[in-house]
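# Tertiary structure, described
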Amino acid sequence: MDDLDPSTLDGLDAFVDRLTASSKDKDGKATSSEPVAPEKKRRVLETIPGPALDGNELGLKSRQKLDLSTLIASHPSLSSASALLPTKTKPKDSYKTGSILKQGTLSAPLPTSVQDRLNREAAYEATKEEGAKWAGVMKRIKEAEHLSFPLQAEERGGVKSSGALLSEYKPRQGLESAVQSLLARANLTQDGITKRENEALESQELSVEEMEERRKRLREQRELIFRAETRAKRVARIKSKTFRKLARKRAAKAAGAEDLDETLESMDAEDRAEALEKAEMDRARERATLKHGARTSRWARQAGGSGMGMTGEEGRIAKEDMLEMKRKLSRRIQGRGDDSGGSDDSDEEGDEDNENEEEEEEGGEEAIKRRAFDQLAKVANGSNGDTAEASGLMGMAFMKKAEQRQKRKAAEEEESLKRDIEMFGDLDEVDSQGSNEEDDGTMMNVGGTGGRMVFSGPSRSSQSSGIQKPPLPQTSAVSGDTSKPKVRFESSWTANQEDEQLNPWLAQPTSSIGPSRKRQHGIGANSSAADKTVQSLKKAVKGSSTAEDDSRVEISLNPDAQPGQQDGDESGGDESDGDRMGTVPRKRVRLGQRDLVAEAFAGDNVVEDFAAEKARTIEEDAPKVEDTTLPGWGLWGGKGLKKRKSNPSRLVTKPGIDPLTRQDAKRDNVIISEKKDKKASKYLVKDLPYPYTSKAQYEKRFENPLGAEWNSRSGHQRETLPRVVRKPGAIIEPVRRLF
Amino acid sequence: MDALIAAAGPLKAGKGAPHHGRRKPLTSHKTVDRGSEKESIDPSTLSILGSTRLPHAFHDTPHASGSGTSSSTLRPDPSVSKIKDKKLRAKVARTDVATQRANRERNDVNEWLNAPLGGAAGGIEVDHEAGERTWRIGQGEIESAVGLSSRGKKFDLKFDGLGEYVVDYTRNGRHLAIASKLGHVATFDWQAGKLHSEIQLRETVRDIKFLQSESFYAVAQKKYVYIYDQDGVELHKLKQHIEPLHLEFLPYHYLLVSSGHAGYLKYHDVSTGTLLTQIPSRLGSPPSMTQNAHSGIIHLGHTNGTMTLWSPNMTTPHVKLLAHRGPVSCMAVDPSERSAGRYTVTGGMDGMVKLWDGRMWGKEVKSWHLRNRPQTLSFSGRGMLAIGGKGGVTVYNDLHSGSSADSVPAPYLNLPTPSLTAHSAKFCPFDDILAVGHSRGISSLLVPGSGEPNFDSGELDVFESRTRRREREVRGVLDKIRPELITLDTEFLGKVGDQDRGTYEERQGKSYRQLGRMERLALAGEGGEDSDAVAVANGETVEGVSDGDGNANESTRPIKKDKERHKARGKGTGMKKYLKKKRKNVIDPALIAMRAKVAAQRQADEQKRKIASGEVKKETGALARFG
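None of these values were measured; they are calculated from a predicted model. (Residues numbered from 1 in each chain as written. Chains lettered and ligands numbered in written order. Predicted model: local features only at pLDDT ≥ 70, side-chain atom pairs only at ≥ 80, totals over all residues. Heavy atoms only, no water.)

Moving on to a nonpolar patch on the surface. Residue and element names in this part refer to chain A. A surface patch of nonpolar side chains, amounting to about 210 Å² of accessible area, comprises Leu175, Val179 and Leu183. Looking at the element boundaries, Val179 is found in helix α8 (residues 174-185). Val179 sits in the partly exposed class, given a relative accessible area of 34%. (Patch = residues over 30% accessible without salt bridge, like charges linked within 9 Å, V, L, I, M, F, W, Y side chains within 5 Å. Areas by Shrake-Rupley, 256 points an atom, 1.4 Å probe, with all protein chains shown as cover. Salt bridge = Lys/Arg side-chain N within 4 Å of Asp/Glu carboxyl O. Helix = DSSP H or I, 4+ residues; strand = E, 2+ residues; numbered from the N terminus. Buried < 20%, exposed > 50% of the residue type's maximum accessible area, 1.4 Å probe, protein only.)

Before going further, it helps to examine the confidence of the model for chain B. All names here are of chain B. With 84% of its residues at a pLDDT of 70 or more, chain B shows a mean pLDDT of 84. Every residue in residues 13-18 scores below 50 in pLDDT, and together they form three contacts with partners more than four places removed in sequence or on other chains. This prediction of the complex comes with two scores: 0.56 for pTM and 0.78 for ipTM. (pLDDT = per-residue confidence, 0-100. Contact = heavy atoms within 4.5 Å.)

Take the sheet that holds strand β13 (residues 274-280) of chain B next. Residues and elements named next belong to chain B. Taken in spatial order, the four strands line up as β10-β11-β12-β13 in an open sheet, and their pairing is antiparallel. Bordering the open sheet on either side are β10 (244-250) and β13, each of which pairs with just one other strand. Going across the sheet, the axis of each strand differs from the next one's by a mean of 20 degrees, ignoring polarity. The pairing of β10 with strand β11 (residues 255-260) spans six bridges and is antiparallel. Pairing of His246 across the sheet is with Ser259, part of β11. (Pairing = 2+ DSSP bridges. Axes fitted to C-alpha atoms, helices over the stretch in contact; angles between N-to-C directions.)

Now for the interface of chain B and chain A. It is common to give the size of an interface as the accessible area that goes away when the parts come together. Taken together, the contact between chain B and chain A spans 94 residues of the former and 89 residues of the latter. At the boundary of chain B with chain A, total buried surface from both sides reaches about 8100 Å², with 59% on carbon and sulfur atoms. Applying the counting criterion to the chain B and chain A interface returns five salt bridges. In this structure, the salt-bridge partner of Glu484 of chain B is Lys682 of chain A, at a minimum N-O distance of 3.9 Å. Linking chain B with chain A are 30 residue pairs in polar contact (both at pLDDT 80 or more). Looking at the side of chain B that touches chain A, the elements that each hand over two or more residues are α1 (2-8), α2 (43-48), α3 (86-114), β17 (319-322) and α8 (517-524) of chain B. In terms of residue count, the dominant contributor to the side of chain B that touches chain A is α3 of chain B (13 residues). Residue classes in the side of chain B that touches chain A are distributed as 40 nonpolar, 30 polar and 24 charged. Of the strand pairs in this sheet, strand β6 (residues 670-672) of chain A and β17 of chain B are connected by three bridges, and their pairing is antiparallel. Of the residues in β17 of chain B, the one forming a bridge with Ile671 of chain A is Lys320 of chain B. (Buried area = accessible area lost by both parts, 1.4 Å probe. Polar contact = N/O pair within 3.5 Å; in protein donor to acceptor, adjacent residues only side chain to side chain. Nonpolar A, V, L, I, M, F, W, Y, C, P; charged D, E, K, R; others polar.)

If you walk across this open sheet you meet the five strands as β6(A)-β17(B)-β16(B)-β15(B)-β14(B), and the pairing is antiparallel. A strand with exactly one partner marks an edge of an open sheet, and here the two such strands are β6 of chain A together with β14 (288-291) of chain B. Averaged over all pairs of adjacent strands, the angle between their axes in this sheet comes to 15 degrees, without regard to strand direction. Sheet topology note: the β14 of chain B/strand β15 (residues 298-301) of chain B ladder contains four bridges and is antiparallel. The residue bridging Thr290 of chain B from the neighbouring strand is His299 of chain B, located in β15 of chain B.

The next thing to look at is the nonpolar core. Ile178, Val395, Leu434 and Val447 of chain B are the most contacted members of the largest nonpolar core, which has 32 residues in total. Counting only elements with at least two residues in this core, the list comes to β2 (165-169), β3 (175-180), β4 (184-189), β23 (385-396), β24 (411-421), β25 (424-427), β26 (433-438) and β27 (441-446) of chain B. When residues in this core are grouped by element, the largest group, four residues, is from β26 of chain B. The contact partners of Val447 of chain B, leaving out residues within four places of it in the chain, are Met384, Val395, Tyr412, Leu413, Leu415, Phe427, Asp432 and Leu434 of chain B. Ile672 of chain A together with Tyr267, Val319 and Met331 of chain B belong to the second-largest nonpolar core, a separate cluster that totals 23 residues. (Core = buried A, V, L, I, M, F, W, Y, C linked by side-chain atoms within 4.5 Å.)

Take the UniProt feature "coiled-coil region" (unreviewed entry) in chain A next. The feature "coiled-coil region" (unreviewed entry), as given by UniProt, occupies residues 194-228 of chain A in the numbering adopted here. The span residues 194-228 of chain A is 86% helical and 0% strand by assignment, and the distance between its end C-alpha atoms comes to 46 Å. (UniProt positions renumbered as here; feature names shortened; annotations may be inferred.)

This is the structure in structure tokens:
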């Protein structure tokens, strides 16, 4: 504002002075002139002479043609409008020809129908144009999702905002335009001010862009510094695996976990017990992680194979670690750290671990055997000593007889059991001999040098060289899957074998969890003690790793299996332990829960019945072809006549459900009814409702529930809002067209 | 204007009317100019804009969480654009968008309002790493950990020498009914400790069930079913139900269902007192019965190991499933929100427990073996499963956790009842309580996290007053659902039924007027825009020129494939046909070779054409061989 021209300001002042003076003058004049021209109450229309047929004023002059412009010009109020009319350019030739009469004949007017059509067309065009002006409004209303009446807001005489006033402002009177021009001359318009500000900005040393640039550069540098710092921090945190391992070890050492072996000696009894307990816990943990059979456990298989993301080398190392750990722990638990110290050297090699295990088992076997005999003796004593006079039911003759019979049976069983146990010992001896003598024959390396060793069972020759076994009433067969050696005990109750074969129970896959072993002992109806002994013996011989779960005991379905063939099968990859167990002659094998239940339901052909019912249902529902030929009609009768093919037009196909398209097509244990629910179908829509052209469109309408319970509040309100709402009390007027 | 309209009169469109130059399109009256870059507007349309759109409150506004986005992200399914009719298209598109939006909002509400405050679903949490397990936690430990009000909910009612007890809760979980084998029946408000009725019936009682509220209950006695009121006054003897074994009540249909020794399934409408229907199951005395609360379907377990699903509409079972080898001793249907009546658990005398999916009967989702064979099963509102048998009840929390069907789910809680067999176990609705009936009374045990914490008081009110109950009962009878609507498919209502198409002659004999809308649409070749939608969804484009027959209804008019037009020989059409036939996204060496061949051929043709037209001059002479 400093650089405003002072002269222009002076001019403005002078103008304002003049303004005040003139307004005063005006006021004075206005007051004086008011009574002079009083307002008229009634308007008197001027009389306008109309066109008269006979009058000379506007009568047709002989040479002059009447046209629109003259008509309009005749009315004083429209006189100025005549200028707006397009000037008529008369065709010159027609002008030259002058009168129509001179031309001769008039052209015939168009036929009325044609004329009318032309008129209609013109009118139609005009109407359409007029109607099109409403098109936008009507389209909007038709397509609207929601209408709230009244549609158009009433015109309100509200106060306009200053901005609206300014933008609309245009000088209309002389005074206003004068002020406007003065302001413009003083460069006080909006444009001028912004221009000056821009110039001021430009005159500064640093431009806006430069400032911007500088700030950007600074920010960039700060960002870079920050990033470098964070990266440095992260890098400092990264340590190698080895570092971590060492750190862990150091920490463990700090916690005082020295080697237990040394410390055990120096401890007193209490601490020692505690330490032993801890070691046992370790062992349990190891067990829990499945790292305990070097060869057969799942972990070992995974470690050996490509599973667990281990390479072969890693797997081997892991196995070695595990074996080492196992050896140490077991020795500690048994509390004889030095006992097997002699064989330490051989123990170091992982491959020979199994032999050690076997040795240990053999060591324990004597004790087990002894225990078994003790138990037997106890049973025998019990039965002998229990000769007190029985009273009541037990004192009756037939009961006594039965008891005696039972005792006899038990005694027999005991005998056989003893025989079995004797034989175990013998077989063991044979086996140990065999393994000593024919090591080459029974052991072989698999997979080249240094691979795992596979011990096959004693060969048939060595077996036959041993003590002649009594002929085996049962046979055992090994399933084809050699990787999972399973021993099957054949039931001595061969009477039911056919039934069992048919029984669905046996076809069922064995589940991973069978009934508890405890229960199974109790199941044997007679001589549970004897059974227990057999069980404990078996357990001892086989070791915990090969202990048979009841669920894995399967009854062979093939009673005619040849012993020789079975032996050959077994020598494929079974352990000698398993082999021995399988061929042990036994008179009675305990029955599992499964077998009992199988027997209980032996007569029920539930599955067969169900399959038959399903087949029947499928057939009922399937499409059928019926021959409607009346027998005998149109046919010859008598002997030796060939049966003619029935007339295809007489074959009626009844629609049905194809067995392959049934809902239960691929599942054997379910029948899903394909019948039509007639009672419910009366609530279905009979035909497709109007606007929809497919079922899916219609059914999609119901996909979304509208209730308040299943929607958000706003969602429910939106979906249930009526299409048309009306403001109460409002007058609904037709839509006005705005221009 | 009026004169113009009057003059316009009838006019034949098209035929006689000559067009004066180019016809102007019907445009709106855009008179207000807004500069060069903006479109000019029609002031009349502008004036009604505000009143022809949804009120401002319903416009999408992004949430503070950023989850809600503007509706511009919601687009109708692309298949909608296949619909020819403009109005219908707009309608279907609007529906589609509304559905999408509703789903999104529902998710938002569930996430922000209905999710539990702590983030977890409730229940016991243990340090799994440290070897702690939930099933090691006993009732005493739970009792000491919970608040005083919850502690009072664990109680035992001892009745010696009265036989095994059956329990039942009302639907809001407020009232408990117990019935012993030897005829001791009692109902009470177990939370307030208020006894409603206690009667000695002096005859065998096999089951007890509350009807629509605590004011009536039905008892399956030695010979018949009896109905008693809240005070234990005998109201009705239902003589049609002979030797009943099990009772169920369908609350929305007001149907009392019983199954008896003779194997009959009987539906009795308790609002009118009439026997609706009796259906012979023809499978003997059923060892178990349960209902699917979601659909009202009754499940029966039979001695031959099958489970059958019944509705009063059909005399044959909807589904017959061979579930077990041995009698099906107990069943339960998961009522939780996640399951929505899909999952059923059956327990058999063979000691197996199997989990079935109602969308795929015949293939168990999970099955495992129990040491003690299951005697009773119950699902809680949150989908926990209680399996009762000899020695107590085991509760499983997440049945669907393991991947394989054979993996045994880890138990959530062990609730031992020493030297007793759990004869009947029921979870209390809307509370973390499991009531177990055994031969020495009943035990109410705490199972944290089992009950559904959010109840809809308009539907089932835990704190229901007397007036509320009366109101609900009257409304319930007014809103009674017809028994015909019990169907296996819960989405059944509102669908378009399959029409009986009749024989060929019948169809031919119909005039156009007699045809249904679907048939007419099929005739016009307009029906079934779904087929197009399916094609779009599969990523295939409809080949050839569409002649309007392409989208005929499949059932009546199978889509005719456009025949390949056979051109003259020697045009290499074989190769093109081959390429066309091959799916474009399957690439194999043969296809690549063929494409290369075609490209080479095309290039050669192009070269020839250019030479012929003179664009390229063909090299001649000795150097031509070098190209």
